[in-house]
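Here are the chains, one letter per residue:
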Amino acid sequence: VKVISTRTGDFAEEIALAVLPAQNGLPPGVTAAVKPVPKGANEVDIVFAANNQAPLGQFSAVLLGTGKQGNVTGSQPIPALTLRLAAPFELKPDFGGAKIAKGAKLKIKVAVVRNPAFAGPVTLAFANLPKGVSAPATMIPADKNEVELELEAAADAAVGAVNNVVVNGEGMNGNAKLAAGSANVALTVE
């Protein structure tokens, strides 16, 4: 967040910034690298960061700027900032007709909807596939938002419907491991 100050008169001193209230002005797991607006400058960047324990949702943060010139100290709150904490990415599989024949292959697509703060690759893994159906190791590259792959049913694959196939994804943001799973998808082996 870029904080821009509008100075009045000949005030050119440093402006200290603080999150209000000091003890719990941000949700748990969220920090702000608060630093002052330097003397003679009019702006500074404040970086908000969230760890994997931070709750998802929309929150407000208030910053207070305090400056001192001679013996006079003045404070000015900055209008509330809206922070929207969202999952790093969501996976949206498209199984087409959701039917696969024994001994056959089924082309499917998996799309990733990225949080603007996450641009890395996503490694996919499938859970709850019917017995005898397999999926290749697949990654959605950092510069792509979708991948196409083929599920393969063995000649002796279990016939019937499964309603809880999940596509799981993992990615990295620095040293932090990120994970998400899709909604349940149905697949029928005929």
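Scroll up a little and you will see the structure.
As a starting point, this report considers the structure included with it. This is a predicted model, so every value here is computed, not measured.

For Arg114, the position within the fold is in strand β10 (residues 105-114). Engagement of the side chain of Arg114 in a polar contact is seen with the backbone oxygen of Gly120, the distance being 2.3 Å. A distance of 2.6 Å separates the side chain of Arg114 from the backbone oxygen of Lys144, its partner in a polar contact. Excluding its chain neighbours within four sequence positions, the residues that come into contact with Arg114 are Pro88, Phe89, Ala119, Gly120, Pro121, Val122, Ile140, Pro141, Ala142, Lys144 and Asn145.

Now for the environment of Val19. Locating Val19 in the fold gives a position in strand β2 (residues 15-20). For Val19 and Ala32, which are 13 residues apart along the polypeptide, the C-alpha to C-alpha distance reads 7.9 Å. Beyond its immediate chain neighbours, meaning those up to four positions away, Val19 contacts Gly25, Leu26, Ala32, Val34, Val62 and Leu63.

The next subject is unusual backbone geometry. Positive phi, normally seen in glycine, also occurs at Asn128, with a value near 70 degrees. Mapped onto the fold, Asn128 is located in the loop between β11 (122-127) and β12 (133-134).

Attention now goes to the sheet that holds strand β8 (residues 89-94). Strands sit in the order β8-β10-β14-β12 across an open sheet of four strands; the sheet is antiparallel. The sheet is open, and its two edges are formed by β8 and β12, each paired on a single side. In the sheet, β10 pairs with strand β14 (residues 146-153) via seven bridges, with the strands oriented antiparallel. Residue pairing in the sheet places Ile108 in a bridge with Leu149 of β14.

It is worth spelling out the layout of surface pockets at this point. Roughly 720 Å³ of volume is contained in the largest pocket. The wall of the largest pocket is formed by 25 residues, among which Ala50, Asn51, Leu85, Ala86 and Asn115 lie closest to the centre. Put simply, the parts of the chain that give the lining of the largest pocket at least two residues each are β5 (47-50), β7 (72-85) and β16 (176-181). In the lining of the largest pocket, the residues fall into 18 nonpolar, five polar and two charged. Size it by volume and the second largest pocket reaches roughly 420 Å³. As for the second largest pocket, its lining consists of 22 residues, of which Ser5, Thr6, Ile15, Gly65 and Gln76 are closest to the centre. Elements with a minimum of two residues in the lining of the second largest pocket: β1 (2-4), β2, β6 (57-69) and β7.

Further remarks concern the nonpolar core. Core analysis: the largest hydrophobic core is formed by 29 residues, its most contacted members being Phe95, Val110, Phe126, Leu151 and Leu187. For this core, the secondary-structure elements that each account for two or more residues are β8, β10, β11, β14, β15 (160-173), β16 and β17 (185-189). Dropping the residues within four chain positions of it, Phe95 is found in contact with Leu106, Ile108, Phe126, Leu151, Val165, Val167, Val185, Ala186 and Leu187. In terms of nonpolar packing, the next biggest core, distinct from the first, is built from 17 residues, Ile15, Val19, Val30 and Leu85 among them.

The rules behind each value
Residues numbered from 1 in each chain as written. Predicted model: local features only at pLDDT ≥ 70, side-chain atom pairs only at ≥ 80, totals over all residues. Heavy atoms only, no water. Helix = DSSP H or I, 4+ residues; strand = E, 2+ residues; numbered from the N terminus. Polar contact = N/O pair within 3.5 Å; in protein donor to acceptor, adjacent residues only side chain to side chain. Contact = heavy atoms within 4.5 Å. Pairing = 2+ DSSP bridges. 1 Å grid on protein atoms, 1.4 Å probe; cavity = no way out; pocket = protein on both sides within 12 Å on 5 of 7 lines; lining within 4 Å. Points joined across faces, edges and corners; volume = space filled by probe spheres on them. Nonpolar A, V, L, I, M, F, W, Y, C, P; charged D, E, K, R; others polar. Core = buried A, V, L, I, M, F, W, Y, C linked by side-chain atoms within 4.5 Å. Buried < 20%, exposed > 50% of the residue type's maximum accessible area, 1.4 Å probe, protein only.

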